[in-house]
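The primary structure of each chain is shown beneath.
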Amino acid sequence: QVQLVESGGGLVQPGGSLRLSCAASGSIFSINAMGWYRQAPGKERELVARVGTYSITKYADSVKGRFTISRDNAKNTVYLQMNSLKPDDTAVYYCYLEARSGIDLNEYVYWGQGTQVTVSS
């Protein structure tokens, strides 16, 4: 079984910064990618950022230049540094993990429980 534990959400004023963290633990054979999705009220879940093999990154156009994703392979942890936050960034942010299970060696996508980010004055 694999667990994802997120931290770092909260309330911040427009223009401020937050750093999200997500640590993966459990029966993991190998990790293909880690990243973050978000879902705002009344909207579909959308990809925010992803870091894959060889640290190749992908960002939503709306966060390019403001958010930075990074990964600590030794700790199975992914970070999302969010700068110049806007009210439109308000959402529940979900960490996800694309990994090969250490139990059956199949590939799965695992999700965190979500952390609320609110950008408001």
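For the structure, see preceding data.
Now for a description of the structure that goes with this document. (Residues numbered from 1 in each chain as written. Predicted model: local features only at pLDDT ≥ 70, side-chain atom pairs only at ≥ 80, totals over all residues. Heavy atoms only, no water.)

Looking only at helices and strands, the protein chain features 0 helices and 11 strands. Compactness check: the protein chain gives a C-alpha radius of gyration of 14 Å against a globular reference of 14 Å for 121 residues, within 12% of the reference. The buried share of the protein chain, taken over its 121 residues, is 41%. Across the protein chain, every contact between residues at least 6 apart in sequence was considered, and the portion connecting residues at least 24 apart equals 57%. (Helix = DSSP H or I, 4+ residues; strand = E, 2+ residues; numbered from the N terminus. Rg over C-alpha atoms; globule rule 2.2 N^0.38 Å. Buried < 20%, exposed > 50% of the residue type's maximum accessible area, 1.4 Å probe, protein only. Contact = heavy atoms within 4.5 Å.)

A few words on the environment of Arg-71. Mapped onto the fold, Arg-71 is located in strand 7 (residues 67-72). A C-alpha to C-alpha distance of 20 Å links Arg-71 and Glu-46, two positions 25 residues apart in sequence. Excluding its chain neighbours within four sequence positions, the residues that come into contact with Arg-71 are Ile-31, Asn-32, Ala-33, Met-34, Val-51, Gly-52, Thr-53, Thr-77 and Val-78. Within polar-contact distance, the side chain of Arg-71 engages the backbone oxygen of Val-51 at 3.5 Å. (Polar contact = N/O pair within 3.5 Å; in protein donor to acceptor, adjacent residues only side chain to side chain.)

Here we take up the packing of aromatic side chains. Per the counting criterion, the structure on display carries 4 aromatic pairs. With 5.2 Å between their ring centres and 75° between their planes, Tyr-37 and Tyr-96 make a pair best called edge-to-face. Here Tyr-37, found in strand 4 (residues 28-39), pairs with Tyr-96, found in strand 9 (residues 91-101); they are 59 residues apart in sequence, far enough to count as distant. The partly exposed category is assigned to Tyr-37, whose relative accessible area is 23%. For Tyr-96, a relative accessible area of 3% puts it in the buried group. When the centroid spacing of 5.6 Å and the interplanar angle of 35° are considered together, the rings of Tyr-96 and Trp-111 count as tilted. Taken as a pair, Tyr-96 in strand 9 and Trp-111 in strand 10 (residues 107-111) lie far apart in primary sequence, 15 residues in all. Taking relative accessible area as the criterion, Trp-111 reaches 39% and is therefore assigned partly exposed. Through a chain of ring-to-ring contacts, three or more aromatic side chains come together here, namely Tyr-37, Tyr-96 and Trp-111. (Phe/Tyr/Trp six-rings, centres within 6.5 Å; stacked < 30°, edge-to-face > 60°.)

Across the sheet, which stays open at both edges, the 4 strands sit in the order 1-3-8-7 with antiparallel pairing between neighbours. What marks the edges here is a single partner per strand, and that holds for strand 1 (2-7) and strand 7. Geometrically, the sheet is characterised by an average inter-axis angle of 15° between neighbouring strands, direction not taken into account. (Pairing = 2+ DSSP bridges. Axes fitted to C-alpha atoms, helices over the stretch in contact; angles between N-to-C directions.)

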